Amino acid sequence: MHKIKAAFIGEGELLQSVIGAVLEQGLMPPENVLLSRGCGEALQFEGRGVTFFPDTMNAVVKAEFVVACASKKRELGTALAPVMGCTRGRIVIAVCPGIDVTYVAERVVKGTEILAVPVEQEEDGRRHTRMEFSRDFLPYQVEPCRDIIGSICALDDFA
């Protein structure tokens, strides 16, 4: 179990899958899963010991990791826009088809460590991805990231 605090932001089925998998697999204490009451998808986890904040900004400010999920690039940009000014010193794990570190870096402030996860879904519903880390990513943070992403999809490789 990792003792990290992670804010989960974004929208859609990917967000629900990641939050659910992290809780079901016990990857971190439930109280370290930080969610926003403004996110409709997150409300289904009420009563499971997670910590809710009135808005996304407050959840992100209290987190070490920010897991941002979206089904389309445009929606990922929308999810990151309100928190882009407070990502410095945090790890942003961006889970979205077709993204890379450069795309995410353009949407967060300098000093943010980035893990881009361009997740793809097969016809049978299985997901897979290749993780791409920013150049300044700290090696000791790779394991919790791998565990979070591995909870919802197969890991092809990383860069």
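Refer to the structure printed above.
Overview of the structure.

Rules used in this analysis
- Residues numbered from 1 in each chain as written.
- Predicted model: local features only at pLDDT ≥ 70, side-chain atom pairs only at ≥ 80, totals over all residues.
- Heavy atoms only, no water.
- Helix = DSSP H or I, 4+ residues; strand = E, 2+ residues; numbered from the N terminus.
- Buried < 20%, exposed > 50% of the residue type's maximum accessible area, 1.4 Å probe, protein only.
- Polar contact = N/O pair within 3.5 Å; in protein donor to acceptor, adjacent residues only side chain to side chain.
- Contact = heavy atoms within 4.5 Å.
- Pairing = 2+ DSSP bridges.
- Right-handed = clockwise from strand over helix to strand, strands pointing away.

Mapped onto the secondary structure, histidine 2 falls in the segment before strand S1 (6–10). Histidine 2 gets classed as buried once you look at its relative accessible area, which sits at 16%. Only 2.6 Å separates the side chain of histidine 2 from the side chain of aspartate 147, close enough to count as a polar contact.

A separate point is the environment of phenylalanine 8. Take phenylalanine 8: it is sitting in strand S1. For the pair phenylalanine 8 and serine 36, spaced 28 residues apart in sequence, the C-alpha separation works out to 8.1 Å. Beyond its immediate sequence surroundings of up to four residues, phenylalanine 8 is in contact with Leu15, Val18, Ile19, Val22, Met28, Val33, Leu34, Leu35 and Val67.

Moving on, we come to the pairing of strand S5 (residues 91–95). Buried residues dominate S5, accounting for five of its five residues. Burial along S5 is two-sided: the face carrying Ile91, Ile93 and Val95 and the face carrying Val92 and Ala94 are both buried. As judged from the five bridges shared by strand S4 (residues 65–69) and S5, these two strands associate in the parallel manner. Following the sheet pairing, valine 67 is matched in S5 by isoleucine 93. For the handedness criterion, the β-α-β arrangement of S4, helix H3 (residues 73–80) and S5 is classed as right-handed. Inspection of the sheet shows S5 paired to strand S6 (residues 113–117) by five bridges, in the parallel sense. Within the sheet, the bridge partner assigned to valine 92 lies in S6 and is isoleucine 114.

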